[in-house]
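Coordinates in review
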Amino acid sequence: IPVDRIRNFSIIAHVDHGKSTLADRLLEFTGAIKRGHNQVLDKLQVERERGITVKAQSASLLYNYNRQEYLLNLIDTPGHVDFSNEVSRSLSACQGVILLVDANDGVQAQTVANFYLAFGNDLVIVPVLNKIDLKQADPDRVCGQLKSLFDIEPDSVLRISAKLGTGIEKVLEAIVTRLPSPVVDRNAKFRALLFDSSYDKYRGVLSLVYIRDGSICVGDSITSCHTKKNYEVKTLSLLRPEEVGVNKLVSGQIGLIGCNMRSSKEAYIGDTLHHSENDSVEPLQGFHPSRPMVFAGIYPMDQSQHINLRSAIEKLTLNDSAVTVDMDTSPALGQGWRLGFLGLLHLEVFSQRLQQEYGAEPILTAPSVTYKIKLKPTKQNIKDGTDIIFVNNPANFPESFKIEESFEPMVLGTIITPDKYLGPIISLCMERRGTQRSAMNIDNDRVMLQYDLPLCEIVLDFHDTLKTISSGYASFDYEDNGYQSSNLIKLVILLNSIAVDELSTIVHITKAQMIGRKLVLKLKDIIPRQMVQIAIQACVNGKVLARENIKAYRKDVTAKLYGGDITRRMKLLAQQAAGKKKMRMVANISLPRETFIDVLKK
Ligand code: GTP
């Protein structure tokens, strides 16, 4: 297929606006799949359960328009705030996007974020309203929002129902007629942009690439601009959407390269691949790889599971290069790792996959963001430039007398809400130490707010709380916004006078009292009664802010059975033993596995 009959595009949408459904319809319509196959592109079990797309997947479609055959490369993008970097990855291979908006919900926070991502990348935007079959759908109103926010002309907006298949052909036509074909050079030397990777048990890492120039064949020798490593191309395939092996990929195409890369770290997102013999090629303009924002410790329940957990983490990170992994040891939990995630949902999805796909049930510690600390100058730290440190583990937070100034990561948050929830939402943002940047009406009764917010205040439960106070109507998205000076302290939790770093957290000074009180009460709730009394204390710089006691208690599950039925008694004791297995001894107290993460949730 000649280059002028190729189109590369993504569908971008707020979560649940129907992206996967539309992708399915496009695949059906072009004959790539049979009718009734739902959500082909959402492969992972977690994705199915949570109904969100986590990992970008792609497919190549053949479409006949005006009696000519076109190759449409659909690049699926994830639809959640945590994964917005995966959206920008995918966009780098596109010339246009379908901006899909629910005709009932209207423009939402991620619609805004996604629009600006596409707009900033100079992509052609095809606005499409979905779910026009719904009784409450109000397409005219949503067209008004698109006009006032993005200056999109109402007559350029398509109206479809992905569910019923209405208007799908119009979407395909718009892709062919409105989008430019990719700028490629088939005669130039081979260059490909690597924009995603996945792992296959037999073939190792498979790199998803966009062939920008030239062509590549099985057997070719290729080199990575970033790592300078050489590889032999073992397999090439197109995604239709299932893999179809081919011998050659040419410029304009999107496909998978298998070349015996052993780890996803070798498949560097944004890297340029070229033929080994042409070492003079210019790298293609890549994009910044994702930067983890949220960190948590991960530990085996007991050290006998260390090797299993390690292999599970290794396998899972092969498929998710956005997770960073460092070794870590904790006095209470032993040897483990510190993992970096894009956001809390990313963390939750990862731990859910560890359980579902590898049967691992590790302990996760409370998530933390990365703080920046300027230490009081000493001759030594000035000399070796260690006066500024980054800390993402409360255990490593310096004592306060050593700190000159501390900084916390900030985000710029966008909230879209019906105006009747404005009051509680503004209170929520203030309680989370937010500063309002702007407020704007996007139609008669909808408002868009922008806030500067500390990342740590939104990491855990901001999104959930926002949804609750707005009956699900407000939406939220955020982008990274650098560091800001802040008065931070470490809130230490003591169990029977032993400091447990794994339960400690870094907080803003104005919140220490309140959070200390809450943590202590929460722990009292979570920790089961034991043979000894447990004193739970929250301290700052040695000063106790809150304290609770859990009374001692002897738990004999068989006490009531008067020794009667022996099998029943054995069964109960076995159950109790199994129950105990899920406990972890810390400071001579057994803690349930979920303690470390649950303690910070409201
Ligand atoms: P993420 O993958 O999480 O980003 O969601 P998504 O945008 O892919 O949404 P998905 O396609 O999973 O659709 C979300 C819900 O909307 C599903 O329950 C669909 O059945 C429903 N839906 C999608 N399109 C339509 C439509 O045209 N009309 C109606 N009534 N419902 C639709």
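Everything numeric here is computed off the predicted structure, so don't read it as measured data. (Residues numbered from 1 in each chain as written. Predicted model: local features only at pLDDT ≥ 70, side-chain atom pairs only at ≥ 80, totals over all residues. Heavy atoms only, no water.)

Another aspect to go through is the overall build of the chain. A count of helices and strands for the chain gives 15 helices and 33 strands. Counting across all 602 residues of the chain, residues that qualify as buried make up 55%. The long-range fraction of contacts in the chain, counting pairs at least 24 apart against all pairs at least 6 apart in sequence, stands at 70%. (Helix = DSSP H or I, 4+ residues; strand = E, 2+ residues; numbered from the N terminus. Buried < 20%, exposed > 50% of the residue type's maximum accessible area, 1.4 Å probe, protein only. Contact = heavy atoms within 4.5 Å.)

Residues Leu354, Ile415 and Phe462 are the most contacted members of the largest nonpolar core, which totals 46 residues. Apart from the residues within four sequence positions on either side, Phe462 is in contact with Ile415, Leu428, Cys429, Arg432, Leu453, Glu457 and Phe476. Of all hydrophobic cores here, the second largest spans 36 residues; its members include Cys94, Ala103, Leu239 and Met448. (Core = buried A, V, L, I, M, F, W, Y, C linked by side-chain atoms within 4.5 Å.)

Attention now moves to the sheet that holds strand β1 (residues 6–13). Here we have six strands laid out as an open sheet, ordered β2-β3-β1-β4-β5-β6, and mixed in their pairing. For this open sheet the edge positions go to β2 (58–65) and β6 (158–159), each flanked by a neighbour on one side alone. The pairing of strand β5 (residues 124–130) with β6 spans two bridges and is classified as parallel. What sits directly across from Val128, in β6, is Leu158. (Pairing = 2+ DSSP bridges.)

This part covers unusual backbone geometry. Even without a glycine there, the phi angle at Lys131 is positive, about 65 degrees. Note that Lys131 resides in the loop between β5 and α5 (139–150). By relative accessible area, which is 23% here, Lys131 ends up partly exposed.

Another aspect to go through is the pattern of salt bridges. Counted under the stated rule, the structure contains 21 salt bridges. Two residues, Lys131 and Asp102, come together in a salt bridge whose shortest N-O distance is 3.2 Å. Here Asp102 lies in strand β4 (residues 96–102) and Lys131 lies in the loop between β5 and α5, a separation of 29 residues in the sequence. For Asp102, a relative accessible area of 3% puts it in the buried group. Arg141 is the partner of Asp443 in a salt bridge, and the nearest nitrogen-oxygen pair spans 2.9 Å. Of this pair, Asp443 sits in strand β24 (residues 435–443) while Arg141 sits in helix α5, placing them 302 residues apart in sequence. Judged by relative accessible area, Arg141 falls into the partly exposed class, the value being 31%. (Salt bridge = Lys/Arg side-chain N within 4 Å of Asp/Glu carboxyl O.)

In terms of burial, strand β30 (residues 534–540) is largely enclosed, as seven of its seven residues are buried. Side chains Ile534, Ile536, Ala538 and Val540 project from β30 onto one buried face, and the interleaved Ala535, Gln537 and Cys539 project onto a second face that is buried too. Sheet topology places strand β27 (residues 488–495) next to β30; four bridges connect them, and they run antiparallel. If you follow Leu495 over to β30, its bridge partner there is Ile536. When β30 meets strand β31 (residues 543–550), the two strands line up antiparallel, connected through seven bridges.

Most of β27 sits inside the fold, with eight of its eight residues counted as buried. Of the two faces of β27, the one carrying Leu488, Lys490, Val492 and Leu494 and the one carrying Ile489, Leu491, Ile493 and Leu495 are both buried. Sheet topology note: the β27/strand β29 (residues 505–508) ladder contains four bridges and is antiparallel. Note on β29: the bridge partner recorded for Leu491 is Thr505. Bridging between β27 and strand β28 (residues 498–499) involves two bridges; their strand directions are antiparallel. Paired with Leu494 across the bridge in β28 is Ala499.

Glancing now at the side chain of Lys511. Within the secondary structure, Lys511 sits in the loop between β29 and α13 (512–526). Note on Lys511: relative accessible area 10%, which makes it buried. Within the structure, the side chain of Lys511 is placed 3.1 Å from the side chain of Glu457, a separation counted as a polar contact. Apart from residues no more than four positions distant in its own chain, Lys511 is found in contact with Glu431, Arg432, Arg433 and Glu457. (Polar contact = N/O pair within 3.5 Å; in protein donor to acceptor, adjacent residues only side chain to side chain.)

Turning to the sheet that holds strand β8 (residues 204–213), a few remarks are in order. Pairing is antiparallel in the open sheet, where eight strands are placed in the order β11-β10-β16-β7-β8-β15-β12-β13. Two strands lie at the open edges of the sheet, namely β11 (230–232) and β13 (243–246), each paired on one side alone. Each adjacent strand pair in this sheet contributes to an overall mean axis angle of 40 degrees, direction not counted. (Axes fitted to C-alpha atoms, helices over the stretch in contact; angles between N-to-C directions.)

Let us look at the confidence of the model for the chain. Confidence in the prediction of the chain, expressed as mean pLDDT, is 84, and 85% of residues score 70 or more. Throughout residues 50–56 the model reports pLDDT below 50, and contacts reaching past four residues in sequence, or to other chains, amount to 35 contacts. Overall fold confidence (pTM) sits at 0.75, and the ipTM for the predicted complex is 0.97. (pLDDT = per-residue confidence, 0-100.)

Next up on the list: a nonpolar patch on the surface. On the surface, Ile388, Phe390 and Tyr483 cluster together into a nonpolar patch covering about 280 Å² of accessible area. Mapped onto the elements, Phe390 comes out in strand β22 (residues 388–391). (Patch = residues over 30% accessible without salt bridge, like charges linked within 9 Å, V, L, I, M, F, W, Y side chains within 5 Å. Areas by Shrake-Rupley, 256 points an atom, 1.4 Å probe, with all protein chains shown as cover.)

Aromatic ring pairs are described here by two measures, namely the spacing of the ring centres and the angle between the planes. The full count for this structure, using the stated rule, is 13 aromatic pairs. Ring centres of Phe115 and Phe150 lie 3.9 Å apart, and the angle between their planes is 15 degrees; on these two criteria the pair is classed as stacked. A residue pair is termed long-range when its members are at least 10 positions apart, and Phe115 in helix α4 (residues 109–120) and Phe150 in helix α5 qualify at 35 residues. Overall, Phe115 belongs to the buried group, its relative accessible area being 5%. Their ring planes at 80 degrees and their centres at 6.0 Å tell us that Tyr116 and Phe150 sit as a pair that is edge-to-face. Taken together, the positions of Tyr116 in helix α4 and Phe150 in helix α5 put the pair 34 residues apart, joining distant regions of the chain. (Phe/Tyr/Trp six-rings, centres within 6.5 Å; stacked < 30°, edge-to-face > 60°.)

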